[in-house]
Amino acid sequence: MEKEYLDLFWKNIYSLPYFRAFLRAVEGRYYQDVNMPSPILDLGIGDGHFTSETFSSSIDVGIDPAFFELRNAKQKKNCELHICGSGGFLPFRSGYFSAVFSNSVLEHIKVLEPVLSEVRRILKNGGIFIITVPNDNFTKNLSVGRFLNGLGLKNWTEFYQHFFNKISRHYHPDPVSRWEERLESAGFEIIKSWNYFPKTSLKILEWGHLFGIPSWFCKKIFGKWILISTKWNLWVVSVWLKKHYLLDQKSPEGAYTFFISKKIAYDARS
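Heads up: these notes are all about the structure in this document.

Cut-offs applied
- Residues numbered from 1 in each chain as written.
- Predicted model: local features only at pLDDT ≥ 70, side-chain atom pairs only at ≥ 80, totals over all residues.
- Heavy atoms only, no water.
- Core = buried A, V, L, I, M, F, W, Y, C linked by side-chain atoms within 4.5 Å.
- Buried < 20%, exposed > 50% of the residue type's maximum accessible area, 1.4 Å probe, protein only.
- Helix = DSSP H or I, 4+ residues; strand = E, 2+ residues; numbered from the N terminus.
- Contact = heavy atoms within 4.5 Å.
- Phe/Tyr/Trp six-rings, centres within 6.5 Å; stacked < 30°, edge-to-face > 60°.
- Axes fitted to C-alpha atoms, helices over the stretch in contact; angles between N-to-C directions.
- Parallel < 35°, antiparallel > 145°, perpendicular 65-115°, else oblique.
- Nonpolar A, V, L, I, M, F, W, Y, C, P; charged D, E, K, R; others polar.
- Pairing = 2+ DSSP bridges.
- 1 Å grid on protein atoms, 1.4 Å probe; cavity = no way out; pocket = protein on both sides within 12 Å on 5 of 7 lines; lining within 4 Å.
- Points joined across faces, edges and corners; volume = space filled by probe spheres on them.

### Things to note about the nonpolar core
Met36, Phe101, Ile130 and Tyr196 are the most contacted members of the largest nonpolar core, which totals 48 residues. Broken down by element, the residue count for this core peaks at nine residues, all from helix 2 (residues 18-31). Sequence-distant contacts of Phe101, defined by excluding residues within four places in its chain, comprise Tyr31, Met36, Ile40, Leu41, Asp42, Leu43, Phe50, Thr51, Phe55, Ile59 and Ile130. Formed by 25 residues, the second largest nonpolar core is a distinct cluster that contains Val61, Leu106, Ile122 and Leu123.

### Comments concerning the packing of aromatic side chains
Each pair of aromatic rings is reported with the distance of its centres and the angle of its planes. With the rule as written, the count across this model stands at 26 aromatic pairs. With a centroid separation of 4.9 Å and 45° between ring planes, the pair formed by Phe22 and Phe197 is classed as tilted. Of this pair, Phe22 sits in helix 2 while Phe197 sits in the loop between strand 6 (188-196) and helix 10 (199-211), and the two are 175 residues apart along the sequence. Judged on exposure class, the residue Phe22 and its partner Phe197 are both buried.

### Things to note about the packing of helix 7 (residues 143-150) against helix 8 (residues 154-167)
The interhelical angle for the contact between helix 7 and helix 8, taken along N-to-C directions, is 170°, at an axis separation of 8 Å. As judged from the angle between their axes, helix 7 and helix 8 are roughly antiparallel. Together, Val144, Gly145, Leu148 and Asn149 of helix 7 and Trp156, Thr157 and Tyr160 of helix 8 make up the contact between the two elements. Residue composition of the contact of helix 7 with helix 8, by class: four nonpolar, three polar and no charged.

### Notes on the side chain of Thr139
Mapped onto the elements of the fold, Thr139 is located in helix 6 (residues 136-140). Relative accessible area serves as the criterion here: at 15%, Thr139 is assigned to the buried category.

### Some remarks on the sheet that holds strand 3 (residues 79-84)
Taken in spatial order, the seven strands of this open sheet run 3-2-1-4-5-7-6, and their pairing is mixed. Of all the strands in the sheet, the pair left with one neighbour each is strand 3 and strand 6. For this sheet, the mean angle separating the axes of adjacent strands, direction not counted, is 15°.

### Things to note about unusual backbone geometry
Note: most residues except glycine have negative phi, and most peptide bonds are trans. Each neighbour pair has its own omega, and for Ser38 with Pro39 the value is 0°, a cis peptide bond. Turning to its location among the elements, Pro39 is positioned in the loop between helix 2 and strand 1 (40-43). Even without a glycine there, the phi angle at Lys77 is positive, about 55°. The residue Lys77 is located in the loop between helix 4 (67-76) and strand 3 in this model. Here Lys77 falls in the exposed class, since its relative accessible area comes to 67%.

### Quick look at the layout of surface pockets
One simple way to see leftover space: roll a probe sized like a water molecule over the atoms. In this model, the largest pocket occupies a volume close to 1400 Å³. Lining of the largest pocket is provided by 48 residues; of these, Arg20, Arg24, Ser104, His108 and Arg169 occupy positions nearest its centre. The class makeup of the residues in the lining of the largest pocket is 22 nonpolar, 17 polar and nine charged. Empty space within the second largest pocket amounts to approximately 340 Å³. Lining the second largest pocket are 18 residues, and of these Gln32, Thr54, Phe55, Ser56 and Ser57 sit closest to its centre. Counting residues per element, the ones that place at least two in the lining of the second largest pocket are helix 1 (2-13), helix 3 (49-54) and strand 2 (59-64). Examining the composition of the lining of the second largest pocket, we find that four residues originate from one element, helix 1, more than from any other. Among the residues making up the lining of the second largest pocket, the classes are represented as seven nonpolar, six polar and five charged.

Quick look at the structure:
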């Protein structure tokens, strides 16, 4: 299993800024232990990177509102059908899918209720719904915010926390209990959930937004995050990061939560 985990690590390191690669590889390895029967929908497939690097076989459908991102996703050939559309209106008949997953997507959607309602509609009874989302530990555990708070600079702490969530495009870095409430109110039963990405890992992600600026320029100019994707070019960062990646990332203080839930039939809810 460690070899499989390392394969995920290298796949992401070769193609993403190190801090994003770290998070996606950690999330990707959790999916290896989840059985998702076909047909499967990726809600918020984006450029298709996560799906192509995480799953060994193609999924059935990916949907995303970003047309140009979908063009990139099509080139990866890891998904049978790509649809440009929003989660609030899913163009599928009721009960069509056996599984839906949405990896680090829902926190970027301002109004969630229509999306969750649509996911429930298009899932079969007992169908699997998997999401990964930031929780309130994301905001509380930001290292710069904790430093400012330790100095008694409450206003600056709140400003920084708000700023970082804004650049992360987070509408919902909410407590786990709030995410649980959303899922249950929408008609899902939570099978299993856990927090991951503790303070040390979040710090890598946080500071990576600064140190990853060269990758941003590379993406804008050359169309890819990593210009030279070789082990020798990435050796220093990979040796350092791999030590963190192989640690158990599950932690009560984790900044993200992985939810596995299933659709409850209406008669089962009464």
